[in-house]
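# Architecture at a glance
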There are 4 protein chains.
Amino acid sequence: MKPVCLVIGAGAGIGGTVGSRFAREGYHAVLCRRSDEDGLNRLVEGIRSEGGDATGYLLNAVQPDSIEDRIAAVEADIGPIRVVLYNLGSQVGDRSLETTSYKVFELGWRMATFGLFRTASAVCPRMVERGGGAILVTSSTAAVRGNKGQHSHAASMAGRRMLCQTLNAEFGPSGVHIVHILIDGAVDAPDTLGKMLGPEKYRALRETRGMEHDGLMLPEKIADTYVHLAHQHRSTWSNEIDLRSFNDMPWWNS
Amino acid sequence: MKPVCLVIGAGAGIGGTVGSRFAREGYHAVLCRRSDEDGLNRLVEGIRSEGGDATGYLLNAVQPDSIEDRIAAVEADIGPIRVVLYNLGSQVGDRSLETTSYKVFELGWRMATFGLFRTASAVCPRMVERGGGAILVTSSTAAVRGNKGQHSHAASMAGRRMLCQTLNAEFGPSGVHIVHILIDGAVDAPDTLGKMLGPEKYRALRETRGMEHDGLMLPEKIADTYVHLAHQHRSTWSNEIDLRSFNDMPWWNS
Amino acid sequence: MKPVCLVIGAGAGIGGTVGSRFAREGYHAVLCRRSDEDGLNRLVEGIRSEGGDATGYLLNAVQPDSIEDRIAAVEADIGPIRVVLYNLGSQVGDRSLETTSYKVFELGWRMATFGLFRTASAVCPRMVERGGGAILVTSSTAAVRGNKGQHSHAASMAGRRMLCQTLNAEFGPSGVHIVHILIDGAVDAPDTLGKMLGPEKYRALRETRGMEHDGLMLPEKIADTYVHLAHQHRSTWSNEIDLRSFNDMPWWNS
Amino acid sequence: MKPVCLVIGAGAGIGGTVGSRFAREGYHAVLCRRSDEDGLNRLVEGIRSEGGDATGYLLNAVQPDSIEDRIAAVEADIGPIRVVLYNLGSQVGDRSLETTSYKVFELGWRMATFGLFRTASAVCPRMVERGGGAILVTSSTAAVRGNKGQHSHAASMAGRRMLCQTLNAEFGPSGVHIVHILIDGAVDAPDTLGKMLGPEKYRALRETRGMEHDGLMLPEKIADTYVHLAHQHRSTWSNEIDLRSFNDMPWWNS
């Protein structure tokens, strides 16, 4: 039975691409996303057409029991989850305090912080029992500094980063590898960057930067590092790593 | 009319002591705490017996509208809030993931993160309208590193720290001073440390360390720095500061 | 005999102003700077005309024995050093790697890192013997992030920050209070900002920002916080603090 | 002609092992170390016996022109340097301030900070001209926090970390990849850990922890990550990463 790589937040950018890569590495990719069943099916078909194993599910991660039930079903029906990619963000664009409703603020926490807590609660005991596993968490600079208009995003991503540290402190010695991966730049992803910019701006940006195939962060190349991290020998684990394009300044530079 | 210093989390440690100090500096201290009406009354009477102004309220900060209504009432009935001390923590002791219920994890967020968001939502517009104010936020090392068993505490305090940064980015230029104050050590406070240790251990600890009046962090001395921060000239603001006893190693040392 | 406040780097900005303030607080201010004897004399006379005690010395801090001999002479002739303000920077403007000579790189280290090490080596044993003292270290964002063109500045200031941490770890429990004070903004100081910009730009900047008396960081107000830090009770020490103007974004914001 | 991987600090731990790995990946490994010509020859012979290319040199990195001349000679005689591994540390054990001589403090800076500056000054222009290259810098927790007795080590490693950031800010956009790799744990290396502990303690430690092949950090496994980092696509670079054994607590945990 193949080990499972469970992707929570499997859009056409990092989530779907990393899932496909794990399928190529011999995993059964289980791809979960909130909406766009057609897009989900395309990802699954893409993997299968390469000879890989994949299954897709629509999953509303903020709904009670959604993550827990999915994990239980995957373990029962598909196989043991060896790798989780927690890829849900909470970016809602820049919003002033006044226009950040309590609901939006809480939603950010439910997606970025509480969702990981629920995932870990469901999956860590299983991984411990099997002697190991990896939880890769995609993160952003909002986890380490709070910019204007980022109330919900920064609070929820920072909470998530510290949750990664407490999870590692408890489960690292049992072989569960938690990695906080800070994506510090624009990813060449139609589902997120594309939607944020709109089709014209996105095409223009890709033409000026993406044409060189390295101005934007390429999901295929990001996947190289995710796979490497998931397979690091346990004597040599990374818990925090940053990623950015060579021609972008890191977040700490002015 | 005296300016108001509103303390959310006014126990017998930092909250009550800092509130009393602000009363001595000419503020009307509005002290809010969840329970122990007798303790609250003692704090209020203590301030009044010194000739200061104080009012006390029981306040359940995680209840909807509790903070918002209290702020509105204070502004209407007592005076303009010049300083807020947000002093609620989310420490629940060390708990493994398994024994950290969803409810406990969420409660930590409601107290440490969402409560500050609600407070800021209610008070920042008023402060901006008046040209300024200060929000002092008591914090702990859980905001900057996640130790074992601290899932709820670390996630919620880290979220709060980044929220302080986003609030500062939006409201600093309008004169609202947000300060994240990291308390890195044991405070000589009967309501928290005393209850955690129990009366005997607490007395023993005070005898070995507190008798010298500087092994434990003294709330009266902590108050000196809180008052200083609230009154820094706006050309020279601190946004992040740490505090610890001279004979404690900082959190970053091994 | 008055306690001594020794200022290394006593220009007309932070150094001279903080020195004057300590004189007003009852210290004998010993002001040291590399050059401009007239400027130095003006500072000393200014303090004396207010009834304070001050002595000035020209001091080339990168010259062997200069700091050590001055400290020994001050202790012998003037009084016990209670507070040191180490105020030397290593900013040499933005320089590419190619135009940063080995000499410049080393000079930065000699001023910003090694100079503090020498100062601490000379003064810490005396402070320990007397049961305490304070070393205030003025720092900059280069200590926590390396911007383009800042090879010498960033390497030397970061070295200094970690040296503050090792000094605190060794001498804090003996009562020597080390504070790393990160100045995150432009200071209204003719000797540094004024010279960097030239008289016209400096005047223009002061007119647009300084006229409001809070767009630039005012040395007099910075001094309030320095004095507070030097006098924090030892149960409640800060080791790291940042300072900036209310309308400047912190270094961590983009 | 094979690309060159230049290792400065090629002992029997990380330096030699990573060098050997790069040789297996098709590089000519140029191994430099201060002493132990026999050990150096064994490393070189080991690589050659596997069919790889390697050359070894004794190099005193703190001696003027030593690094610069070696780089020039390698470029002239062996080939273009594609990867540099800067692997010199400045750990001298715990020393109080009193027993840290000026000479020791300066030596730390010459090895850990200035040596990298000299290396970068010699190699970056060549890499820029060729459109890219990678500089991997082995680091330690002393770069991010200063423990007791670590005056020389912490000041020099922190300076080095910020130097990595300034180098990246200048040379990243030209394709030179600078990575600061924080080794947060004990490495199974006879030349460093072995000498520090002495043969008996080292054997005992390996028996209790190393026998499991993952209690100590294994240089062979560390090399996996170094090679991955050096070959990351330029759209997806890491600049800071940490590494530790699964059963060691990260430095930030108490």
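Below: a short report on this structure. None of these values were measured; they are calculated from a predicted model.

Superposing chain D onto chain A takes a rotation of 180° plus a shift of 0.0 Å along the axis, which leaves an RMSD of 0.0 Å. Viewed as a symmetry operation, the transformation between the two copies matches a two-fold axis. It is Ile-241 of chain D whose C-alpha, among those of chain D, lies nearest the rotation axis, at 2.3 Å. The overlap is high: 100% of the interface residues of chain D also sit at the interface in chain A, so the same surface is used on both sides.

Counting residues at the interface gives 39 residues for chain A, matched by 39 residues for chain B. Taken over both partners, the interface formed by chain A and chain B buries close to 3000 Å², and the fraction arising from carbon and sulfur atoms is 72%. Three residues stand out in chain A for area buried against chain B, namely Leu-97, Tyr-102 and Phe-117 of chain A, and they jointly supply 22% of the buried area on that side. Where chain A packs against chain B, one counts two salt bridges. As a salt-bridge pair, Glu-106 of chain B and Arg-110 of chain A come within 3.4 Å of each other at their nearest N and O atoms. At the junction of chain A and chain B, the tally comes to twelve residue pairs in polar contact (both at pLDDT 80 or more). Mapped by element, the contributors of at least two residues to the side of chain A that touches chain B are α4 (102-130) and α5 (151-171) of chain A. It is α5 of chain A that contributes the most residues to the side of chain A that touches chain B, 13 residues altogether.

With that settled, consider helix α5 (residues 151-171) of chain D. The end-to-end C-alpha distance of α5 of chain D is 30 Å, a good match for the 30 Å that 21 residues give at a rise of 1.5 Å each. Counted residue by residue, α5 of chain D has 21 buried out of 21 residues, so it is predominantly covered.

A word on the packing of aromatic side chains. Inspection of the entire model under this criterion finds 44 aromatic pairs over all chains. Ring geometry for Phe-22 of chain A versus Tyr-27 of chain A: centroids 5.0 Å apart, planes at 90°, classification edge-to-face. Since its relative accessible area comes to 0%, Phe-22 of chain A is described here as buried. On the accessibility criterion, Tyr-27 of chain A (5% relative accessible area) is buried. Residues Trp-109 of chain C and Phe-105 of chain D carry aromatic rings whose centres are separated by 6.2 Å and whose planes lie at 20° to one another, so their mutual orientation is stacked. A residue pair is termed interchain when its members come from two chains, as with Trp-109 of chain C in helix α4 (residues 102-129) and Phe-105 of chain D in helix α4 (residues 102-130). Judged on exposure class, the residue Trp-109 of chain C and its partner Phe-105 of chain D are both buried. Following the ring pairs from residue to residue traces out a cluster consisting of Tyr-102, Phe-105, Trp-109, Phe-114 and Phe-117 of chain A together with Tyr-102, Phe-105, Trp-109, Phe-114 and Phe-117 of chain B.

Moving on: the interface of chain D and chain A. Contacts between the two partners involve 36 residues from chain D, matched on the other side by 36 residues from chain A. Approximately 3100 Å² of surface area, both sides summed, lies buried where chain D meets chain A, with 56% of it carried by carbon and sulfur atoms. At the surface where chain D touches chain A, the tally comes to zero salt bridges. For the interface between chain D and chain A, the tally reads 20 residue pairs in polar contact (both at pLDDT 80 or more). At the level of elements, α5, α8 (219-230) and β7 (240-243) of chain D are the ones that each hand at least two residues to the side of chain D that touches chain A. Its residues assigned to classes, the side of chain D that touches chain A shows 13 nonpolar, 16 polar and seven charged.

The rules we used
Residues numbered from 1 in each chain as written. Chains lettered and ligands numbered in written order. Predicted model: local features only at pLDDT ≥ 70, side-chain atom pairs only at ≥ 80, totals over all residues. Heavy atoms only, no water. Least-squares fit on C-alpha atoms with pLDDT ≥ 70 in both. Contact = heavy atoms within 4.5 Å. Buried area = accessible area lost by both parts, 1.4 Å probe. Salt bridge = Lys/Arg side-chain N within 4 Å of Asp/Glu carboxyl O. Polar contact = N/O pair within 3.5 Å; in protein donor to acceptor, adjacent residues only side chain to side chain. Helix = DSSP H or I, 4+ residues; strand = E, 2+ residues; numbered from the N terminus. Expected span 1.5 Å × (residues − 1). Buried < 20%, exposed > 50% of the residue type's maximum accessible area, 1.4 Å probe, protein only. Phe/Tyr/Trp six-rings, centres within 6.5 Å; stacked < 30°, edge-to-face > 60°. Nonpolar A, V, L, I, M, F, W, Y, C, P; charged D, E, K, R; others polar.

These figures come from the coordinates and say nothing about function on their own.
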